[in-house]
Amino acid sequence: MRGNILAVSKAKRRFFASALTLACGVFACGVRNASAADVRSQHDAATTTNPAPQTAANKRAVKQVTDETGRHMAIPLNVQRVVTLAPNLTETIYALGLDGKLAGDTTYCDIPPAAKEKPHIGSPQEPSLEAIVALHPDLVLATTSINRAETADALLKIGVPVYTSDPHTMAGMLSATATIADLLGASEQGAKLVAALQQRLDTLHAALQDQPMAHVLFVVWEDPLISIGQNTFIADALRWAGAESIIVASQNWPQVSMEEVVRLQPDYIVLTSDHLEAETHEHVDNLRNRPTWSELRAVKLGHVVMASDEFTRPSPGLVDAIESLAHDLHPEVFSTSAALPAPNFSLRIVGAGLRPAPTAANARTLSQFVRERLNNEVSTCAR
Amino acid sequence: MRPLTPSRILSICGLLAAVLFAAVVISLRVGAYPIGMRDIVITLFNGAIGRGDTSEFNQVIFGLRLPRIALGILVGAALSTSGAGFQALLRNPLADPYVLGVSSGAALGAMLSLIIAPHTVGAIQLAAFVGAAATIAAVYFLGRRGGQLDSATLLLAGIIAASFLSAIIIFLLTLVNGPGLRSMTFWLMGDLTAPPPTQNVLGWFGFLYFVFIVAAGAMYTTSSDLNLILTGEQEAGHLGVNVTRVKLVVYVAASVLTGLAVSVSGTIGYVGLLVPHVMRMLFGTDYRLLIPTSAIGGAIVIVLADTLGRTIVAPTELPVGAMTALAGAPVFIYLMRRRIR
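None of the values given here were measured: they were computed from a predicted structure.

Participant: Before we go on, may I ask you to explain the overall build of chain A in this structure?
Facilitator: Tallying secondary structure elements over chain A gives 14 helices and 10 strands in all. Among the 383 residues that make up chain A, the fraction classed as buried is 46%. Summarising the internal contacts of chain A: among those between residues at least 6 apart in sequence, 61% fall at separations of at least 24.

Pasting the structure below:
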């Protein structure tokens, strides 16, 4: 495989280079002086900031891996520099406490806030491949839930390993988390985090299993109304929260007619939002004033729940969001819980402070960044 | 206007080629990965003599920037040449490479391949080209009148085919699922980032450029006749031009060029419409000059647009189609107003 790439790139090099070298040489005489300083600084940068020089790469041990989309690649056994191409992957890395290895992430990565300080490689769908290469990653992480297949293909083609995960359920999210931990040489942290998350899900399941499912309309987009299909991780996450989407569709993101919603009359309407508390109420008021929406039983009863936008990200933080939504949808089950904050607060920041006390070191990391996020939001509110 | 001599054609094309070369050098030089001009030249030289290594310079230059430039040149040249051809064939200044539905057929083919065989390497390019070819044939048979290609009938047939195929695409877009859809969105916007579908990059580009040269060459052989046809089909016939044959050659050549471009890059807008007009404003309407200048001009525009697209909001990249539309319209308006004055 590797030999093949080398052989081809040689042919490729000859082709382009023979067409351009001569001409470039002529041109370079003119620009050499202008860019000499630039070039020098490049060399300096290359020697000081590259902890894993490519020349040593072939001496490093690798393992053959097949990712969740069926692509094969060789990944170094000792991964030191990771670039993530999606917010949920960035979150996973932080939840595992491996952010020291995170060399770069996307402009969308905002949880935890520290992720915003990492070098960015562009948006998940239109990243700069050059910017990725410039970070010298040992491994790039991608997900089918937001990235394009072309990005992974192009990076693999130039010899950068890209592991793509493809989660459709909470179980898939957990196994992807464990796999990412394995790839980064942190199997133990991965197992601990997954066990802790699984335990919280099981606790939730035990509490809710005798409860009737709440029938909800999960709103991905309001205008046009777009909801979720059965095969999305959101549908699965809803089930863990004791809720069922009223929309039955084979598509992942079906566009739904308002008539159908009126016919099905959901118990609750679940919106996802990053809005502030005040805006949340405004939002619910807006629904009350909109034709058709205002006639829905759920809107009249005020059964409109704001879930955090974590709900749209298959990451460990999704478990927080599930727990919070479960509290909002089944308050009678959890009413005895002492840890329950004021309802408005839970409505706003789903997941914060609702979980059982953290047990493992990695769970502490998780609670830590939820707290950081909380602080961040409080300061935003104050402003 | 000065008479069009071969030396004038050569000198104008040489001038444009120099501009294209400068555009290529700029495109090679700038990007999110910092490489100095000296390292670029060294990397190119080492690659040329077969001494390339697996360094990041090589990855960036040979793996990312050069293939993209090579693709941009091909697509820009093919679309602009095709646009010039359709504008003459249909005798309509609004004609562009997509007017006869070739791109919609290609898009439908690409989409079907994403639904049926989403992970098959090269399937999307092949399916797009098959879709384009099928549309070319269908529109040809619909667009004939009395055994001849009639401009008005052809235009109507093409527009009907395009809107019918677009309707099917929208229908499919609402029904199908998955990451393929995301690829489709970018495909419809026009995008140069997809990697070549084969490990043999040299062979791949060799094949693409071969098809381009054959189709553009075929169109160029008709350029003198096209000049006459533009003054009137009957007059051209009286002067001994085989109008039926010329129109068929231009139709097939322009369609193949469009199919070639959209198969590898999706539907990049405006280039095929605007570049031939800009070249007419700059260098006159003679097709012997218009075809080569459009080809080079289109290549310049795409290379520069893609370079801008991957630098102005770096590290995020803008699709090249968005850049051509953003930058193309103001330039065109400027040239048009200047000409009117």
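That covers the picture; the talk isn't over yet.
Participant: Would you explain the overall build of chain B in this entry?
Facilitator: Along chain B, the regular secondary structure elements total 14 helices and 2 strands. Against the 2.2 N^0.38 benchmark of 20 Å for 341 residues, chain B shows a C-alpha radius of gyration of 20 Å, consistent with a compact globule. Across chain B, every contact between residues at least 6 apart in sequence was considered, and the portion connecting residues at least 24 apart equals 73%.

Participant: What exactly am I supposed to notice about the environment of Val62 of chain A here?
Facilitator: Residues and elements named next belong to chain A. Looking at the element boundaries, Val62 is found in strand S1 (residues 62–66). You can call Val62 partly exposed: it has 16 C-beta atoms within 10 Å. Beyond its immediate chain neighbours, meaning those up to four positions away, Val62 contacts Ala74, Ile75, Pro76 and Leu77.

Participant: Before we go on, may I ask you to explain the pairing of strand S6 (residues 162–165) of chain A in this structure?
Facilitator: Two faces, one strand: in a regular strand the side chains alternate between the faces of the sheet. Residues and elements named next belong to chain A. Burial along S6 is two-sided: Val162 and Thr164 facing one way and Tyr163 and Ser165 facing the other are all buried. Here strand S5 (residues 139–143) pairs with S6 via 4 bridges, running parallel. Across the sheet, Ala142 pairs through a bridge with Thr164, a residue of S6. At this point the chain moves from S5, through helix H4 (residues 149–157), to the parallel S6, and the crossover so formed is right-handed.

Participant: Please explain the pairing of S5 of chain A as it appears in this structure.
Facilitator: Residues and elements named next belong to chain A. Within S5, 5 of the 5 residues are buried, which leaves it mostly tucked inside the rest of the structure. The alternating pattern of S5 places Leu139, Leu141 and Thr143 on one face and Val140 and Ala142 on the opposite face, and all of these are buried. Relative to S5, strand S3 (residues 82–84) is paired through 3 bridges, and the arrangement is parallel. When the bridges of S5 are listed, Val83 appears paired with Val140.

Participant: What exactly am I supposed to notice about helix H6 (residues 187–208) of chain A here?
Facilitator: The periodicity of an α-helix, 3.6 residues per turn, causes residues three or four places apart in sequence to face the same way. Residue and element names in this part refer to chain A. Taking 1.5 Å of rise per residue, the 22 residues of H6 would be expected to cover 32 Å, and the 31 Å separating its terminal C-alpha atoms lies within 8% of that figure. Among the residues of H6, Gln189, Gly190, Leu193, Val194, Ala196, Leu197, Leu204 and Leu208 are the ones counted as buried. Along the long axis of H6, the arc covered by the buried residues comes to 160 degrees, so they all point the same way. Across from the buried face of H6, at angles greater than 90 degrees, the exposed residues are Glu188, Asp202 and Ala206.

Participant: Explanation requested: the domain arrangement of chain A in the structure shown.
Facilitator: Residues and elements named next belong to chain A. Domain boundaries assigned for chain A yield domain 1 (57–192) and domain 2 (211–351). Of the residues lining the interface, 14 residues belong to domain 1; the matching set on domain 2 comes to 12 residues. Listed by contribution, the elements that provide at least two residues to the side of domain 1 that touches domain 2 are helix H2 (87–95) and helix H5 (170–183). Element by element, the count of residues in the side of domain 1 that touches domain 2 is highest for H2, at 5 residues. When grouped by side-chain class, the residues that make up the side of domain 1 that touches domain 2 number 6 nonpolar, 7 polar and 1 charged.

Participant: What's the story with unusual backbone geometry in this structure? I'm lost.
Facilitator: A negative phi angle characterises most non-glycine residues, just as the trans form characterises most peptide bonds. Residues and elements named next belong to chain A. With omega at -10 degrees, the peptide bond leading from Ile111 into Pro112 counts as cis. Assignment of secondary structure puts Pro112 in the loop between strand S4 (102–104) and helix H3 (129–134). With a phi close to 50 degrees, His136 is a non-glycine residue in the positive phi region. Within the fold, His136 resides in the loop between H3 and S5.

Participant: Would you mind going over the packing of H5 of chain A against helix H7 (residues 233–240) of chain A with me for this structure?
Facilitator: When two helices pack together, their arrangement is captured by the angle between the axes and the distance separating the axes. Residue and element names in this part refer to chain A. Where H5 meets H7, the closest approach of the two axes is 8 Å, and the angle between their N-to-C directions is 105 degrees. Relative to H7, the element H5 is oriented roughly perpendicular. Contact residues: Met170, Gly172 and Met173 in H5; Phe233, Asp236, Ala237 and Trp240 in H7. Residues of the contact of H5 with H7, tallied by class, amount to 5 nonpolar, 1 polar and 1 charged.

Participant: Would you mind showing me how to read the packing of helix H3 (residues 56–89) of chain B against helix H12 (residues 271–283) of chain B here?
Facilitator: Residues and elements named next belong to chain B. Where H3 contacts H12, the axes come no closer than 7 Å and their chain directions differ by 70 degrees. When the axes of H3 and H12 are compared, the pair comes out roughly perpendicular. Across the interface between the two elements, Gly76, Leu79, Ser80, Ser82, Gly83, Ala84 and Gln87 from H3 touch Val271, Gly272, Leu273, Val275 and Pro276 from H12. Along the lines of polarity and charge, the residues of the contact of H3 with H12 split into 6 nonpolar, 6 polar and no charged.

Participant: So what exactly am I meant to see when it comes to the sheet that holds S6 of chain A here?
Facilitator: What holds strands together in a sheet is hydrogen bonding between their backbones, with the strands either parallel or antiparallel. Residues and elements named next belong to chain A. What the 4 strands build is an open sheet, ordered S4-S3-S5-S6; its pairing is parallel. Because the sheet does not close on itself, it has two edges, and the strands there are S4 and S6. Each strand axis lies, on average, 35 degrees off the axis of its neighbour in the sheet, ignoring direction. In the packing of H2 onto the sheet, the strands contacted are S3, S4 and S5, and the crossing angle to S3 comes to about 140 degrees.

Participant: Can you help me understand the environment of Leu225 of chain A in this one?
Facilitator: Residue and element names in this part refer to chain A. Here Leu225 shows up in the loop between strand S7 (214–219) and H7. C-beta crowding within 10 Å serves as the criterion here: with 18 such atoms nearby, Leu225 is assigned to the partly exposed category. In this structure, Leu225 is in contact with Val219, Gln255, Val256 and Met258, ignoring residues within four places of it in sequence.

Participant: Is there a simple way to think about helix H13 (residues 287–309) of chain B in this case?
Facilitator: Under the 1.5 Å per step criterion, the end-to-end length of H13 of chain B is 31 Å for 23 residues, consistent within 8% with the ideal 33 Å. Of all 23 residues making up H13 of chain B, 21 are buried, and the element is well covered by its neighbours.

Participant: Help me understand the confidence of the model for chain A in this model?
Facilitator: Do not read the predicted coordinates in detail wherever pLDDT is low. All names here are of chain A. Taken over all residues, the pLDDT of chain A has a mean of 74, while the share at 70 or more is 70%. When the elements of chain A are averaged for pLDDT, helix H13 (residues 343–348) gives the smallest value, 36, and S3 the largest, 95. Note on residues 1–58: pLDDT is under 50 here. Beyond four places in sequence and across chains, it has 67 contacts. With pLDDT under 50 throughout, residues 338–383 is counted as low confidence; its partners more than four residues away or in other chains account for 77 contacts.

Participant: Explanation requested: the confidence of the model for chain B in the structure shown.
Facilitator: All names here are of chain B. Confidence along chain B averages 87 in pLDDT terms, with 97% of residues attaining 70 or more. Element-level mean pLDDT values for chain B span from 74 in helix H7 (residues 179–189) up to 94 in helix H8 (residues 201–221). Here the predicted complex scores 0.77 on pTM and 0.79 on ipTM.

Participant: Quick question: what am I supposed to make of the environment of Thr185 of chain B here?
Facilitator: With respect to the helices and strands, Thr185 of chain B occurs in helix H7. In the structure, Thr185 of chain B is positioned 31 residues away from Ala216 of chain B in sequence and 29 Å away in space, judged by C-alpha atoms.

Thresholds applied
- Residues numbered from 1 in each chain as written.
- Chains lettered and ligands numbered in written order.
- Predicted model: local features only at pLDDT ≥ 70, side-chain atom pairs only at ≥ 80, totals over all residues.
- Helix = DSSP H or I, 4+ residues; strand = E, 2+ residues; numbered from the N terminus.
- Buried ≥ 20, exposed ≤ 12 C-beta atoms within 10 Å, placed from the backbone.
- Contact = placed C-beta atoms within 7 Å.
- Rg over C-alpha atoms; globule rule 2.2 N^0.38 Å.
- Pairing = 2+ DSSP bridges.
- Right-handed = clockwise from strand over helix to strand, strands pointing away.
- Expected span 1.5 Å × (residues − 1).
- Arc of directions from axis to C-beta.
- Domains from an automatic or database assignment.
- Nonpolar A, V, L, I, M, F, W, Y, C, P; charged D, E, K, R; others polar.
- Axes fitted to C-alpha atoms, helices over the stretch in contact; angles between N-to-C directions.
- Parallel < 35°, antiparallel > 145°, perpendicular 65-115°, else oblique.
- pLDDT = per-residue confidence, 0-100.

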